[in-house]
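What follows is each chain in one-letter form.
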Amino acid sequence: MRKSFALVMIVIFGLLVPCGAQSVAAQANESAERTRWAVEAANVKIVRDDWGIAHVYGKTDADAVFGMIYAQAEDDFNRVETNYLRAMGRLAEAEGEDKVYQDLRMKMFIDPEVLKKDYAESPEWLRKLMDAFADGLNFYLSKHPVVKPRVIQHFEPWMALSFTEGSIGGDIERVDLEKLQAFYDSRNLVAGAMSRLDPPLSKSLHDSDPSERERGGSNGFAIAPSNTLDHHALLLINPHTSFFFRSELQMASDEGLDAYGAVTWGQFFVYQGFNDHAGWMHTSSNVGAVDEYLEKVIHDGNKLSYQYGGGRRPFATKQITLQYKTPHGLASSTFTAMYTVHGPVIAQEGDHWVTIQLMNIPVPALEQSYLRTKARNYAEYRKTMELRANSSNNTIFADADGDIAYWHGNFIPIRNTRFDYTKPVDGSNPATNWQGLMTVDQVPHLLNPKSGYLFNVNDSPWNGAGASSLRKSDYPAYVEQGIESARGLHAMRVLAPGGTPRQDLTLDVLMHVAYDAYLPWFARTIPVLTAAYDKLPGDAPLKPRLADQIAHLRVWDERCSADSVATSVAVYWGTEIMKTAARPAREALMPSEEWVATRVPADALLASLAAASDKLTADFGTWRTPWGRINRFQRLNGDIVQPFSDAGPSIPVPFTYSQWGSLASFAARQYPGTQCWYGTSGNSFVAVVEFGDKVRAKGITAGGESGHPDSKHFDDQAERYSTGDLREIYFYREQLKDHTEREYHPGESQ
């Protein structure tokens with residue numbers, strides 16, 4: 001018995017010691033973490049200016065990263081965490097089963113085990129930044145126990161590699177969720193695919209209604225010293241994104257970092273901004289950086305393969321298990337994702353499966369995103385472009401040396417021009433494969449055009465510098481798949497009226513140019529509408545019914561304003577006519593205003609005006625309603641998806657949706673229970689920058705810097721935002737002297 005008892009005690013002791021040792025090890029690790037965090041925090045100073053904007057100073061770049069991510073978490077931790085839930089394919093863990101296919105889409109490309117390996121093999125300088133990123137967020141959570149993450153209780157350095165795309169959306173979101181779900185809905189693809197090649201769509205999962213998204217946003221202008229009164233280069237930074245999508249801050253270190261601008265929540269680099277010698281702006285590009293392939297599926301008993309070249313290849317498979325929130329806790333679903341040499345299967349088209357190929361090189365992407373913020377001249381910035389890891393953006397650049405430059409894309413695969421890559425190409429033919437990447441010298445690029453200016457507003461670059469513009473015939477068709485937009489016409493008008501580049505630009509003039517009220521879409525279409533009205537017979541029922549509306553439009557100067565009735569009538573009419581005109585114009589690759597002016601019958605134009613007048617009257621009691629009464633900015637709480645209410649406070653916004661050619665974009669619509677239109681995207685961060693002996697800048701952020709409704713910085717910029725009254729940006733420490741609200745180390749209580 002004693003031997004048995006002793007044996008039992010030995011077994012128990014053997015079980016207990018490792019457990020205790022593990023507990024001690026865990027405590028030691030936690031203690032080491034806290035010690036490290038304290039040291040890092042002591043090396044960082046955060047200065048909040050009188051707009052609540054964080055200016056972060058550190059001894060090293062890693063210190064600056066630690067402080068800036070801590071400051072982001074202070075302002076809106078929810079947005080930081082949510083961006084990583086999206087990026088890592090874990091959103092369903094917080095929001096439920098409806099997000100499973102959105103997560104599946106991400107997990108087809110984002111594999112934590114691969115990212116951990118990438119992190120371990122990254123350059124030492126980059127690992128230090130990723131370590132500081134994780135430390136800053138974990139330190140914030142340790143100091144704010146009342147903040148309860150929805151999912152991510154502890155951030156790991158490798159997570160930064162899951163989110164290297166600073167623009168809204170990114171290439172992965174080109175994968176259609178409906179089609180993805182239709183293909184993978186069986187939850188067991190191999191078994192399901194054997195029995196049916198056309199699985200039904202059981203549930204519709206839209207990210208959002210595409211008709212209500214901001215279609216192509218962002219304006220970037222670079223002006224050479226020759227075209228400015230003070231002979232300094234100027235830069236307009238004007239991204240159009242979802243409101244509150246980015247933080248505004250400055251990050252600086254003793255290692256040469258000193259960048260200011262817009263930072264996508266959760267990232268540790270300034271995405272669109274400037275340092276004391278150079279500035280950069282990204283606009284979403286129509287460059288061909290993503291391709292789809294039609295794969296011919298071959299059935300051989302219970303085996304699936306695909307045709308490639310003269311033979312067949314087996315599909316690669318990957319088991320992806322996704323967790324999702326339920327009322328009873330977490331549940332999970334496992335999918336068998338299928339891959340060919342081109343990439344994952346994302347849809348079915350007829351008898352073929354569709355795969356997609358896109359850039360997926362997170363380490364170079366993160367390197368490039370960070371290194372460009374330290375580039376102080378054209379040569380240094382161009383060197384960062386050699387990484388060729390910026391897939392979805394054009395770049396507009398200006399510096400204190402007077403250089404201005406434009407790159408159309410950066411990651412551009414070389415293709416065989418025999419094939420039409422605007423559509424899925426034959427995946428069985430190896431000739432359709434990518435043949436390497438264009439070099440930086442090969443991509444469409446402008447440096448110091450003779451016109452003295454360049455711009456991009458998400459359309460083609462063929463008119464972006466007047467007579468000095470790039471020529472379409474010099475490049476393969478796949479480098480640009482867009483068309484001229486009304487905003488492009490507007491940019492040409494304000495930068496080179498009558499075709500002659502203006503040479504009177506200053507920082508303040510550029511600010512006013514960025515908010516110019518002209519709406520070229522209506523300048524093309526309203527004359528056609530009034531001509532259709534003039535041709536109506538005198539006894540036509542619409543003649544008296546539309547007489548006053550036509551009179552308003554006939555004398556309108558096509559410039560929007562808050563007190564303009566004509567703007568209201570025009571926008572309601574344009575919205576009505578685009579319900580039927582948008583798709584055919586897009587399919588015909590024709591600007592929508594040209595389609596409306598040349599292809600829509602006169603009776604349809606007039607019927608749409610009548611319908612628009614009726615809707616205005618139903619919504620507001622009269623069609624004679626000023627635009628500012630309709631078009632409103634409202635921020636009621638800190639939710640990522642804002643609620644809207646006509647009973648709540650809001651302010652008028654004079655500018656319109658970019659569809660109509662408004663440079664300052666405000667994408668607004670009605671919501672359930674509202675008559676007013678409330679904006680959710682468009683102008684988000686706006687800055688004008690002058691590169692003289694010292695950099696000078698003015699800027700504005702939609703609403704305010706803080707995501708907390710109880711903060712005075714929640715909506716303190718709203719009025720300025722609505723009128724385009726940009727505030728002075730405090731870039732230098734001496735500028736902050738009289739504009740400091742608080743100065744502290746991370747972790748210090750207020």
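Heads up: the structure comes first, above all this text.
Read on for an overview of the structure. Just so it is clear, the structure is predicted and the values come from calculations on it, not from any experiment.

Definitions and cut-offs
Residues numbered from 1 in each chain as written. Predicted model: local features only at pLDDT ≥ 70, side-chain atom pairs only at ≥ 80, totals over all residues. Heavy atoms only, no water. Helix = DSSP H or I, 4+ residues; strand = E, 2+ residues; numbered from the N terminus. Disulfide = S-S within 2.5 Å. Buried < 20%, exposed > 50% of the residue type's maximum accessible area, 1.4 Å probe, protein only. Arc of directions from axis to C-beta. Contact = heavy atoms within 4.5 Å. Pairing = 2+ DSSP bridges. Polar contact = N/O pair within 3.5 Å; in protein donor to acceptor, adjacent residues only side chain to side chain.

Here's the deal with unusual backbone geometry
Next, step 1: Backbone geometry places R388, a non-glycine residue, at a positive phi of 50°.
Next, step 2: The residue R388 is located in the loop between α10 (378-385) and β17 (393-399) in this model.
Next, step 3: In this structure, L589 is a non-glycine residue whose phi angle is positive, near 55°.
Next, step 4: Relative to the helices and strands, L589 resides in the loop between α16 (565-587) and α17 (592-599).

As for the state of the cysteines
A disulfide bridge is the covalent bond that connects two cysteines by way of their sulfur atoms.
Next, step 1: Considering all chains together, one arrives at zero disulfides under this definition.
Next, step 2: Not engaged in a disulfide, the cysteine C560 finds its nearest cysteine sulfur in C676; these two sulfurs lie 17 Å apart.

Overview of helix α5 (residues 112-120)
Next, step 1: All of the buried residues in α5 are L115, D118 and Y119. Buried residues of α5 fall within an arc of 100° about the axis and therefore sit on the same side. Looking at α5, the residues exposed on the side facing more than 90 degrees away from the buried face are E113 and A120.
Next, step 2: In the core, the buried residues of α5 are packed alongside α6 (124-143) and α9 (362-371).

A short note on the pairing of strand β11 (residues 303-308)
Next, step 1: Of the pairings in the sheet, the one linking strand β10 (residues 291-300) to β11 comprises four bridges and is antiparallel in character. Bridged to D300 within β11 is K303.
Next, step 2: The hairpin turn running from β10 into β11, its antiparallel successor, is two residues long, and G301 in that turn takes a positive phi close to 65°.
Next, step 3: Taken together, the four bridges between β11 and strand β12 (residues 311-314) define a ladder with antiparallel strand orientation. Within β12, the residue paired with Q307 across the bridge is R312.

Description of the side chain of T625
Next, step 1: Here T625 lies in the loop between α18 (602-620) and α19 (627-630).
Next, step 2: Take T625: its relative accessible area is 4%, and that puts it in the buried class.
Next, step 3: Engagement of the side chain of T625 in a polar contact is seen with the backbone oxygen of T622, the distance being 2.6 Å.
Next, step 4: Dropping the residues within four chain positions of it, T625 is found in contact with S564, V565, S568, L616, F620 and I630.

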